[in-house]
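Listed below are the residues making up each chain.
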Amino acid sequence: MKLLLHLNGKALSADFTNAEGQAVLTSESTRHAAYFSEPQPGFFTVILAGKVYTCALEKLPNGATEVMVNGQRIPVTIQDPKRLSHNAAAAGQAGGRAVLTSPMPGKIVRVLCAAGDEVTEGQGLVVIEAMKMQNEVQAPKAGKVVELKVTAGQTVNAGEILAVVE
Amino acid sequence: MKLLLHLNGKALSADFTNAEGQAVLTSESTRHAAYFSEPQPGFFTVILAGKVYTCALEKLPNGATEVMVNGQRIPVTIQDPKRLSHNAAAAGQAGGRAVLTSPMPGKIVRVLCAAGDEVTEGQGLVVIEAMKMQNEVQAPKAGKVVELKVTAGQTVNAGEILAVVE
Amino acid sequence: MFQKLLIANRGEIAVRIIRACRDLGISPVVVYSTADRQALHVQLADEAYFIGEAPAAESYLVGEKIIAAAQQSGAEAIHPGYGFLSEREWFARAVEDAGLTFVGPSPYSIALMGSKTNAREAALKAGAPIVPGTANKLADTAEAWQTAVEVGYPVMLKAAAGGGGKGMRIVRSAEEMKSAFETASAEAQAAFGDPSVYIEKYIERPRHIEIQIVADKHGNTIHLGERECSIQRRHQKVIEECPSPLNDSVLRAKMGEAAVNIAQAAHYYSVGTIEFLVDVQRNFYFLEMNTRLQVEHPVTELVTGIDLVQAQIRIAAGAVLTIKQEDVQMLGHAVECRVYAEDPEKNFLPSPGKITKLRTPSGPGVRDDSGVYEGWEVPLFYDPMISKLATYGATREEAINRMQRALREYYVGGIRTTIPFFQEVLDDADFRSGEIDTGFIARYFERKAALPKAAVSPELSNEEIAAVMVAAYDFARQQPAAATTQAVSKWKAAGRSAAFTNR
Amino acid sequence: MFQKLLIANRGEIAVRIIRACRDLGISPVVVYSTADRQALHVQLADEAYFIGEAPAAESYLVGEKIIAAAQQSGAEAIHPGYGFLSEREWFARAVEDAGLTFVGPSPYSIALMGSKTNAREAALKAGAPIVPGTANKLADTAEAWQTAVEVGYPVMLKAAAGGGGKGMRIVRSAEEMKSAFETASAEAQAAFGDPSVYIEKYIERPRHIEIQIVADKHGNTIHLGERECSIQRRHQKVIEECPSPLNDSVLRAKMGEAAVNIAQAAHYYSVGTIEFLVDVQRNFYFLEMNTRLQVEHPVTELVTGIDLVQAQIRIAAGAVLTIKQEDVQMLGHAVECRVYAEDPEKNFLPSPGKITKLRTPSGPGVRDDSGVYEGWEVPLFYDPMISKLATYGATREEAINRMQRALREYYVGGIRTTIPFFQEVLDDADFRSGEIDTGFIARYFERKAALPKAAVSPELSNEEIAAVMVAAYDFARQQPAAATTQAVSKWKAAGRSAAFTNR
């Protein structure tokens, strides 16, 4: 089948087939043949001209796909409207507007600013705690806190919006 | 729900419920309560009055169920027409008729008798090989080989009928 | 010897203590919180008792619940592990008052050495060199500023009740003091229920080297040599070794003697650790004593052949040390890497969550002390360490090579871990040469950032081809059958052939 | 040292050799058959080459294919592992003729010692005591009868080209000879491609004790002490120890010297093993030499600290032995259990099939050299061993206790294994006391059969209650939703609560 792929800053169109454990990837008119098997669910062995590549498939919460190949993490995007939109949503920055998102799941232990505050770049705005470690989320730019979404004591997920600085 | 159970030579009727990780088994008007969880598929933790029982569920090819409890293998049969019929089929002996079945998956390396032969009890009839080990299947009783189902070179599964002695 | 022992902890250390109990023929009993209903330590124990909600303050830090569980189970002793209640004098006392044995030092020794301020005074009395600074708990930022000026910047803020780097901050100027003081106090409060912090001089490029002590209740005290713990991030150890790459038997003897003196001055029994800073001239300064088992105890076990947890339990039961100082042999070399659920690419941010796939290393010279399993969801309430991986070799090089081999075999899916970080560090020239100090990781990341970015080659590497094949295969099998019949039929074929290859 | 090495084997030993390569910085290359496309050794290698169909005669026994794969990959050496081609003179010669290095002894030594008949003569020349019998290959049953009468019953039939108990039969009377001779010859043919068998005197209640030899290509030969391998079923080792429970340093020195003499008489280099029988008076008789790595090598590695596979590879590369006989230290005690895919309740019948669930042991003193993973289907074409589990302790008791702990943690679902058997044997009084010989298992099963059956108690034990709960839970969740709505809703609830406990 034909695919549109993006990985490591490369965009390529490719044709992929797999039958009887033999996979063939044709891209830029180059043909790559491999022995292809999935010994455990999500765990693959790809043998290219004798070289063994042990691959683990990882689906990220945001829907993106990463493949660990011999310990090297390679993000791969395949043409798929749903996922592309996802990725769009993930991009937090928009013009002069800076959206602060939580870098990890955790509990808000302190809020160091109030809506309307003028803040300087690097100023600590919120302190989050997870696994006994406190993490201070700082203003990515100088400006005004136009939105403050969290209060001390509440728990947040990774990527959840904390505040907006304009 | 009500169940009819057979295990370790005991037959009992019991009522079993499980909600919010709390399991209750009532049998012979005795009530047993436990913390019940399945940390991995088919792998259970049952805590009875503080005592921990790690259980692994095993489905045998013949449809029977066995539970490994802290390393002890306990076969459990629950009223279920399908399985009961299975077990009936499994019982090989019928009157003066002795059905020889393969004790393991493997390859028939030698057939030591022919259909119609008179054989003595304990006489070797077929030699099966698996994992580099040869195993001689012997006549369970003296009598006549009325059926011979296998020939040298073929592979058989565990429980497959090899011959019938009458 | 005890018939039954309760473990007042969780995670990998609870599993480690369960194993020591099995080796001694003792029946292990554990406790667990809501978050740990399906934890590995519960599955491996003989008995398990529920003690409360996920936050430690409602479960693993509630002494009465733990002692009640011990009494309900009929356990004769309680092992506190590390962290949680392991260095709380009141808990050790409460355990003894309940007629049970505390597997650790006496409440007196905990009170004396558990508080670093008292410990420094004790060390001075024992004639051990200490780091310049004052042992006083700071009342407020004002006092912090004043003390810092007396000691001279840079200074280190430390939690008085602390350990494991929680509540520690380097302060290089007066400006940094206020927020550092507040964060350190808050962390100290969160981690130990005590916000007290104190100040000491910050020594540049120090090695963190500690001495393992073993002492019985009959006055016999020996040391099992040193551990090098200089590889730290956020003042918390991530890689430890035994012996130190310095492997200086003269220094070992001097530090060992100082450590034994300090332990004896504290009337110490059980296993314990005296931590020192060693400067570039190989002067050493007493830092603190940990009156408990250390995370990094396996490297000492591998090199000395002595099981420290078994020794700790035997000592608690009143056994006399059978091994003399001169009997202690250090053979070969051991390295430990702490596998944390953290993202090394994001400044070691915690990465709790479900372990979707787990492959653990094994084979010669490899020891994996893990607290997790495939399918386990690492809770965000507790310490991020999921396993301590240790390797042993005849030489430091062999131990490191085996660690690289083990890390290569180790795969944890679904969460980020420090494994890729270790794979890079273990190949670092400075690390290989043993040129390390507590500033190693900071410099390592500076070096790494300074490296020129590799240009994107238009060619697909084999790794990229493999990645694309896997992603494409997964993408295709998710398409509705109708969409790509021809392809789907092929997946079916592949499925069949895959099935065949196993027959 | 080699840059790249090809491993001409499969299963756990291929994985073991891969790990040694990693430790030495050598790139491991493997070969695989149709049945092994998804095998663990393929997943862990740097390169893997397909060499044919599942039956060994079409793949792992085809020397040309293996040498061709080595040349294609650019490997400089071939490690044969054990079994398969490891003791085939022609293969060792073919490897050298192809300009590659054979990681093992010279073709000359293999030819001399690989055939037990020649080996017995060599041992006699070296002045080592041998078991009464004749070294001649038997032409037919008639000659077997005649020779047996000369030696005197009971006698042992043995495969001339054999090892590992394949093609061995005890014969206690003339009546048993015919079928025993035929089966032994057939097994020898199947296992080694050579039906030749010979006869020797069967010694009653002998211990099987072997000496590990290490010799370089420069004439340096040392021994690494003994291994006790008396626990055998079907003349194949299942439990091994180092040192022997006899732990007799005088006997060790005598046997070691005899072993070194035999090895030197054979101009032997590489690692190798001299097997002896030891009778109740502690007289020892040369049995055979295995001119290859042994399955049970880990127990020697754990006690001496020497990596035998690394040593073997270094020696093949021409390295000089740096360790002298007097440097060899034996510290502590190690035990190995061979985990076979066999049903101990059915006379150890092979139990190939899919491993539906796998939990492997870990922690202090535990080493699991496994060749399988969860989801792997154990093929019926090859040896049934799926893992060799070894434990180490300061004493024999600690090593055994740790083995019990490890076996308790070990769970293999979907197939039967020898794990439950080991758990029973390790608690056997005779085994614990070290009162063992090659007849141990037979007597063990007699003792077991003689035990009175436990009466069925009407009460449900806790184990039975747990089993019933699990079976009932599984039964209920398989019912169509309509059937038991009320129940099903509860399963849903349980599902939810289960989900919660992980958050």
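This is a predicted model, so every value here is computed, not measured. Numbers given for residues are sequential positions, taken from 1 along each chain in its written order. For this description, chains carry letters from A and ligands carry numbers from 1, given in the order in which they are written. In keeping with the model being predicted, local features are shown solely for residues with a pLDDT of at least 70 and side-chain atom pairs are shown and tallied solely at 80 or more, while totals for entire chains, interfaces and linings include all residues. To obtain the side-chain values, all non-hydrogen atoms of the structure were included, while hydrogens and water were left out.

Focus on the interface of chain D and chain A
Then, number 1: Counting from both sides, the interface comprises 13 residues of chain D and, opposite them, 13 residues of chain A.
Then, number 2: In total, about 1,000 Å² of surface goes out of reach between chain D and chain A, with carbon and sulfur atoms giving 50% of it.
Then, number 3: The largest share of the area that chain D buries against chain A comes from Arg37, Gln38 and Gln43 of chain D, three residues that together contribute 39% of it.
Then, number 4: Put simply, a salt bridge is a Lys or Arg side-chain nitrogen that is within 4 Å of an Asp or Glu carboxyl oxygen. Across the contact surface, chain D and chain A share 1 salt bridge.
Then, number 5: Among the secondary structure elements, those contributing two or more residues to the side of chain D that touches chain A are helix H2 (40–44) and strand E3 (47–52) of chain D.
Then, number 6: In this text, helices come from DSSP runs of H or I with a minimum length of four residues, and strands from runs of E with a minimum of two, each type numbered from the N-terminal end. Of the residues forming the side of chain D that touches chain A, the biggest block, 4 residues, is contributed by E3 of chain D.
Then, number 7: The residue makeup of the side of chain D that touches chain A, split by class, is 7 nonpolar, 2 polar and 4 charged. Only heavy atoms matter for contacts: two residues are in contact if any of them lie within 4.5 Å across the pair. Accessible area that two parts lose when put together, with a 1.4 Å probe and added across both, is what the buried area reports. The classification used treats Ala, Val, Leu, Ile, Met, Phe, Trp, Tyr, Cys and Pro as nonpolar, Asp, Glu, Lys and Arg as charged, and all other residues, Gly among them, as polar.

Digging into the packing of aromatic side chains
All names here are of chain C.
Then, number 1: Under the pairing criterion, centres of Phe, Tyr and Trp rings, with the six-membered ring standing for Trp, must be within 6.5 Å; the plane angle then separates stacked pairs below 30 degrees from edge-to-face pairs above 60, leaving the rest tilted. Scanning the model with the defined rule gives 46 aromatic pairs over all chains in all.
Then, number 2: Their ring planes at 80° and their centres at 6.2 Å tell us that Phe91 and Phe102 sit as a pair that is edge-to-face. A residue pair is termed long-range when its members are at least 10 positions apart, and Phe91 in helix H4 (residues 89–97) and Phe102 in strand E5 (residues 101–102) qualify at 11 residues.
Then, number 3: Residue classification places Phe91 among the buried positions, given a relative accessible area of 0%.
Then, number 4: An aromatic cluster is defined as three or more aromatic residues linked by ring pairs; in this entry it consists of Phe348, Phe421, Phe422, Phe431, Phe440, Tyr444 and Phe445. Working definition: with a 1.4 Å probe on protein chains only, accessible area under 20% of the residue-type maximum means buried, over 50% means exposed, and in between means partly exposed.

Some remarks on the confidence of the model for chain A
Residue and element names in this part refer to chain A.
Then, number 1: For every residue, the pLDDT score states the predictor's confidence, bounded by 0 at the bottom and 100 at the top. Confidence in the prediction for chain A averages 85 pLDDT; 90% of positions are at 70 or higher.
Then, number 2: No element of chain A has a lower mean pLDDT than helix H1 (residues 81–90), at 42, and none a higher one than strand E5 (residues 43–48), at 97.
Then, number 3: Within the model, the stretch residues 81–94 combines pLDDT values under 50 with 11 contacts to residues more than four positions away or in other chains.

Quick word on the sheet that holds strand E21 (residues 385–393) of chain C
Residues and elements named next belong to chain C.
Then, number 1: Within the open sheet, the 8 strands sit side by side as E13-E12-E9-E10-E11-E14-E21-E19. Their pairing is antiparallel. Each edge of the open sheet carries a strand with a single partner, namely strand E13 (284–290) and strand E19 (366–370). When strand polarity is set aside, the average angle formed by the axes of neighbouring strands in this sheet is 25°.
Then, number 2: Strands were regarded as paired on the criterion that DSSP finds at least two bridges between them. One ladder, built from 4 bridges, connects strand E11 (residues 236–242) with strand E14 (residues 333–340); its direction is antiparallel. By the bridge assignment, Glu240 is partnered in E14 with Glu336. Fitted lines through C-alpha atoms give the axes, limited to the stretch in contact for helices. The angle between two N-to-C directions lies from 0 to 180 degrees.

Examining the pairing of strand E10 (residues 106–111) of chain B
Residue and element names in this part refer to chain B.
Then, number 1: Examined bridge by bridge, E10 and strand E15 (residues 155–156) share 2 bridges and lie antiparallel to one another. Paired with Lys107 across the strands is Thr155, a residue of E15.
Then, number 2: Note: E10 against strand E12 (residues 124–130), 4 bridges, orientation antiparallel. Paired with Arg110 across the bridge in E12 is Val127.

Comments concerning the environment of Val29 of chain D
Then, number 1: Tracing the backbone shows Val29 of chain D in strand E2 (residues 27–33).
Then, number 2: Apart from the residues lying within four places of it in its own chain, the contact partners of Val29 of chain D are Lys4, Leu5, Leu6, Ile7, Glu47, Tyr49 and Ser73 of chain D.

Considering the nonpolar core
One recurring pattern in soluble globular proteins: nonpolar side chains tend to sit buried together.
Then, number 1: Definition of nonpolar core: a set of buried residues of the types Ala, Val, Leu, Ile, Met, Phe, Trp, Tyr and Cys, connected through side-chain atoms within 4.5 Å. Residues Leu5, Leu6, Ile78, Ile239, Ile313 and Phe431 of chain C are the most contacted members of the largest nonpolar core, which totals 102 residues.
Then, number 2: With 8 residues, helix H1 (residues 11–24) of chain C is the largest single contributor of residues to this core.
Then, number 3: Ignoring sequence-local partners within four residues, the contact set of Leu5 of chain C consists of Ile17, Cys21, Ile26, Ser27, Pro28, Val29, Ala75, Ala77, His79, Val103 and Ile313 of chain C.
Then, number 4: Listed in part, the 101 residues of the second largest apolar core include Ile17, Val103, Leu321 and Ala406 of chain D.

Overview of the sheet that holds strand E7 (residues 169–171) of chain C
Residue and element names in this part refer to chain C.
Then, number 1: Strand order in the open sheet formed by 3 strands is E7-E6-E8, with antiparallel pairing between adjacent strands. At either margin of the open sheet sits one strand with a lone partner, and together these are E7 and strand E8 (197–201). The average angle at which neighbouring strand axes cross in this sheet is 30°, direction not considered.
Then, number 2: In the packing of helix H7 (residues 141–151) onto the sheet, contacts are made with strand E6 (155–159) and E8, and the angle to E8 comes to roughly 20°.

Remarks on the interface of chain D and chain B
Then, number 1: Contacts between chain D and chain B engage 54 residues on the former and 59 residues on the latter.
Then, number 2: The interface formed by chain D and chain B contains 4 salt bridges.
Then, number 3: Among the salt bridges present, the one from Glu38 of chain B reaches Arg477 of chain D, with a minimum N-O distance of 2.9 Å.
Then, number 4: Polar contacts, as counted here, are pairs of nitrogen or oxygen atoms within 3.5 Å of one another; within protein the pair requires one atom able to donate a hydrogen and one able to accept it, and residues that are adjacent in sequence qualify only if both atoms are side-chain atoms. For the pair chain D and chain B, the number of links is 11 residue pairs in polar contact (both at pLDDT 80 or more).
Then, number 5: Among the secondary structure elements, those contributing two or more residues to the side of chain D that touches chain B are helix H8 (174–192), strand E16 (349–350), strand E18 (357–359), strand E22 (411–413), helix H16 (462–478) and helix H17 (485–501) of chain D.
Then, number 6: Here the side of chain D that touches chain B is built from residues that sort into 31 nonpolar, 9 polar and 14 charged.

Quick notes on unusual backbone geometry
Then, number 1: Residue Pro154 of chain C is reached from Tyr153 of chain C by a cis peptide bond, and omega for that bond is -5°.
Then, number 2: With respect to the helices and strands, the residue Pro154 of chain C is situated in the loop between H7 and E6.
Then, number 3: A positive phi angle, close to 60°, is found at His235 of chain D, a residue other than glycine.
Then, number 4: Relative to the helices and strands, His235 of chain D is located in the loop between strand E10 (221–233) and strand E11 (236–242).

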